[in-house]
Amino acid sequence: MRRVLRLGVLILLVLLLLAAAVLFWQWRTRLPQREGELALAGLTAPVVVRYDEAGVPHIRAEHEADLYRALGYVHAQDRLFQMEIVRRLARGELAEVLGPKLVDTDKLFRTLRIRHHADAAAARLDPQAPSVQALQAYIDGVNAFQDSHPAPIEFALLGIPKRPFTPADTLSVAGYLAYSFAAAFRTEPALTRIRDQLGPDYLRIFDLAWYPEGVAQAQPAAASAPAPVAATRLDAQEHALLARLSALSDQAMQLAAVPMYEGSNAWVVAGWRSASGKPLLAGDPHIAFGVPAVWYEAHLSMPGFELYGLHQALNPFALVGHNTRFGWSLTMFQNDDVDFIAEKTDAARPGKVWHRGQWVALESATETIRVKGAEPVSLTLQRSPHGPIVNTALGPAGGERPIAMWWAMLETENPVLEAFYRLDRADTLDKARAAAALIHAPGLNVVWANAAGDIGWWAAARLPERPAGVNPSFILDGASGQADKPAFRPFSENPQEENPTRGYIVSANHQPAGARPIPGYYNLWDRARRLDEQMVAQPGGWNMAAMEALQLDTRTGYGPRVLAPLLPALRQATAGQAAQAALVEQLATWAGDHPVEAVAPTVFHQFLHDLGHAAMADEIGEDAWQGMRRVRALDHALPRLAADAGSPWWDRRDTPARETREDIVALAWQRSIAHLTRTLGDDPARWVWARAHAVEHEHPLGKQKPLDKVFNVGPFPVAGGREVPNNLSGPLAPVPVPVTYGPSTRRVIDFAEPAAARGANPVGQSGVWGDRHYADQAAAYARGESRQQHLAEAEVARATVGTLTLQPAR
């Protein structure tokens with residue numbers, strides 16, 4: 001019996017070892033190959049790919065088609081799952097692999113008509129255009145890798161079938177990126193609800209004015225009056241439906257774990273202000289964190305062309321990049337390129353809306369959404385003359401009145417891929433300006449410099465003309481002509497600067513100067529002002545170290561600006577309580593910086609959340625508050641609320657008394673201290689920012705415990721905070737503050753020595769779990785460190801750790 005037992009144990013061990021061996025082999029076969037030789041169909045000559053210590057491919061080809069085919073191949077071997085998940089999100093196909101919980105997300109993206117628009121645009125592509133040929137070669141490279149290798153582990157876990165990628169997928173992803181910029185999805189329903197249910201007095205705290213002189217260089221003393229509020233009123237049910245649509249938009253991003261765009265910094269210094277005598281460029285686009293990182297770095301070279309660029313999934317063209325002659329970065333323009341329009345209907349004329357004096361039939365089409373583990377779902381899509389009817393995403397619960405969406409991305413030619421093909425080659429002001437003019441949506445600020453000494457900035461977007469007196473911050477009336485767009489402004493009238501006499505340009509998502517208002521949901525001006533102040537404070541001698549230090553700066557005047565009018569109330573609320581009074585005095589002397597060892601930012605951010613909640617949640621409701629805290633307009637509103645002792649927001653609707661600002665400040669403070677004590681302990685000295693502010697990079701599968709322990713990266717305590725230059729942050733939330741977005745890279749280039757450019761990746765180059773470059777940069781990024789982006793041949797050769805040669809298939 002004992003012998004049989006031993007034999008059984010031995011057999012079990014052998015089986016376990018065999019299973020482990022199979023799993024190991026399965027894992028090894030899915031790792032990227034960075035050495036050796038492979039055949040790649042379609043190549044006309046060999047392509048050499050040298051990988052550096054960070055896993056960045058340095059690709060050398062003799063022909064452009066070969067260059068982009070090789071890029072597609074190596075990009076896919078590091079990021080195929082990312083490519084798959086983002087195309088499914090954009091095209092409304094997630095439920096097919098993730099199940100019923102993603103049906104509503106798919107309905108939303110089908111309703112936005114991104115896939116329809118992308119398919120039509122792909123059919124119009126000119127196959128003879130160099131940019132289209134480059135795109136097709138890249139897609140061929142992606143498919144060549146997919147066809148010849150085992151699927152990533154995520155495909156196996158989720159049961160994702162392989163299918164070819166197409167140029168329409170690339171254009172669909174471009175549409176998703178444009179959608180991720182559109183703050184209107186969250187903002188306009190919220191502001192319209194406040195206007196209709198609470199009244200205009202409650203809108204005073206929301207800064208809807210235009211500042212003709214701009215906001216970056218001085219406190220705006222006066223602003224033009226906001227346009228008259230649109231007259232359209234929605235009923236309570238319609239407001240609830242729009243709130244659900246806004247929540248669905250947020251949920252789509254969170255469930256799919258596909259990064260959204262949040263803001264950015266970019267600035268450029270002219271040569272006469274730099275230590276080297278040549279321009280310096282810095283850029284750090286602020287994007288939601290995830291695994292893998294949003295950017296894929298690649299160094300491309302062939303006769304007559306070279307670029308070190310950062311690419312996104314399924315895009316062969318770098319969105320930011322540099323070489324020895326020029327470079328550029330991007331920030332979000334934040335112009336409002338989406339309008340929501342309430343259409344007029346008549347029960348006697350079903351399926352029609354009133355438009356320009358007549359009843360017009362809605363266009364209608366039916367699509368089928370495949371659902372993993374469930375029956376397919378049928379979705380009826382409708383479109384009015386203004387655009388897609390978005391509340392159809394909610395099905396029968398979407399209400400009777402159609403709400404249309406006018407979106408610049410759907411209404412312009414928007415040759416954005418051609419724009420970036422040209423921008424990748426734009427070594428002069430004229431070329432860069434012409435490339436920027438081709439970007440119609442989403443709105444982007446292109447900040448550019450070259451080694452010849454030029455610097456420039458162009459606000460790139462097609463800006464619509466709107467009828468006089470229309471305020472697009474609210475839902476518009478489709479029957480009145482408010483939503484008409486008679487024309488687009490010429491690009492020459494967009495905000496832009498070339499070689500300004502001040503010798504620098506700062507772009508930080510703030511409202512630009514200009515006599516003609518450009519509606520938008522601009523970020524707080526405090527971050528732009530901090531950058532501008534540092535430019536002014538150091539008129540010369542700028543070098544790369546100073547530029548990197550400014551990227552890591554954790555200070556603005558926002559916190560002190562909010563606190564200043566509230567300090568008397570805070571001192572009154574803590575009178576006789578020595579420990580709490582000491583915390584108030586820390587806030588009183590706080591400079592607004594966010595180092596990891598400080599207590600003041602922890603206390604401030606908890607208090608800011610509790611102040612907003614105590615003042616507003618009783619009026620708008622808990623659900624609406626959860627949406628409001630994700631709206632950029634709230635950042636502008638809270639300082640104005642703090643400074644307005646007479647604001648109606650201070651009086652709570654759930655009590656018979658009439659509360660004052662002092663009452664709400666005291667209530668918010670009490671809640672903050674109680675929360676911090678529960679969360680971080682009794683000793684305020686231990687309420688340091690490092691314990692309250694950490695980043696964890698989430699993989700789509702890491703949403704499900706315990707897979708978070710396998711696929712996610714982090715958490716890492718980090719300095720920085722909301723709307724400071726080192727903009728590591730998230731929506732307004734209680735401590736511990738979840739850091740959900742931040743600098744997606746930090747790049748600095750001195751055009752006296754562009755081969756010494758530096759950059760950072762928040763996670764790593766590879767999206768393949770278990771690969772050595774899956775998370776090898778995460779800890780260094782959290783510490784604020786950067787690495788050289790190798791460009792010169794000698795540097796590339798010295799940094800090479802593996803060489804992969806791609807040969808033409810025979």
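See the structure above.
Residues numbered from 1 in each chain as written. Predicted model: local features only at pLDDT ≥ 70, side-chain atom pairs only at ≥ 80, totals over all residues. Heavy atoms only, no water.

**Student:** Tell me about helix H15 (residues 544-551), and name the residues and values.
**Tutor:** For H15, the set of buried residues is Met544, Met547, Glu548, Leu550 and Gln551. The buried side chains of H15 occupy one side of the element, clustering within an arc of 160 degrees when seen end-on. Its buried side turned inward, H15 meets strand S4 (261-269), strand S5 (280-288), helix H14 (525-537), strand S26 (747-750) and strand S27 (758-759). With a side-chain oxygen lying 3.2 Å from the backbone nitrogen of Ala545, the N-terminal cap of H15 falls on Asn543. (Buried < 20%, exposed > 50% of the residue type's maximum accessible area, 1.4 Å probe, protein only. Helix = DSSP H or I, 4+ residues; strand = E, 2+ residues; numbered from the N terminus. Arc of directions from axis to C-beta. Contact = heavy atoms within 4.5 Å. Polar contact = N/O pair within 3.5 Å; in protein donor to acceptor, adjacent residues only side chain to side chain.)

**Student:** Residues and numbers for the pairing of S26, please.
**Tutor:** Successive residues of a regular strand alternate their side chains across the two faces of the sheet. The alternating pattern of S26 places Arg747 and Ile749 on one face and Val748 and Asp750 on the opposite face, and all of these are buried. Strand direction decides the pairing type here: S5 and S26, joined by four bridges, are antiparallel. Within the sheet, the bridge partner assigned to Ala282 lies in S26 and is Val748. (Pairing = 2+ DSSP bridges.)

**Student:** Could you give an account of the sheet that holds strand S22 (residues 693-697), with specific residues and numbers?
**Tutor:** With respect to topology, three strands assemble into an open sheet ordered S23-S22-S24, the strand pairing being mixed. Two strands bound the open sheet, and with one partner strand each, they are strand S23 (713-717) and strand S24 (737-739). Geometrically, the sheet is characterised by an average inter-axis angle of 25 degrees between neighbouring strands, direction not taken into account. In the sheet, S22 pairs with S24 via three bridges, with the strands oriented parallel. For Ala694, the partnering residue across the bridge sits in S24 and is Pro738. (Axes fitted to C-alpha atoms, helices over the stretch in contact; angles between N-to-C directions.)

**Student:** Explain the packing of aromatic side chains to me, using residue names and the numbers behind them.
**Tutor:** Going through the model one piece at a time under the given rule, you end up with 18 aromatic pairs. Summarising the aromatic geometry, the rings of Phe109 and Tyr179 are spaced 5.0 Å apart at their centres and angled 75 degrees between planes, so their arrangement reads as edge-to-face. In this pair, Phe109 is assigned in helix H4 (residues 103-111) and Tyr179 in helix H8 (residues 167-181), connecting sequence segments 70 residues apart. Accessibility expressed as a relative area gives 1% for Tyr179, which makes it buried. Centre to centre, the rings of Tyr211 and Trp525 are 5.9 Å apart; their planes meet at 80 degrees, and the pair counts as edge-to-face. Placement of Tyr211 in the loop between helix H9 (184-197) and helix H10 (236-256) and of Trp525 in helix H14 is noted, with a sequence separation of 314 residues between them. Per residue, the accessibility class of Tyr211 equals that of Trp525, and both read buried. Aromatic ring contacts, followed pair by pair, group Tyr68, Phe317 and Tyr421 into a single cluster. (Phe/Tyr/Trp six-rings, centres within 6.5 Å; stacked < 30°, edge-to-face > 60°.)

All quantities given are derived from atomic positions and should not be read as evidence of function.
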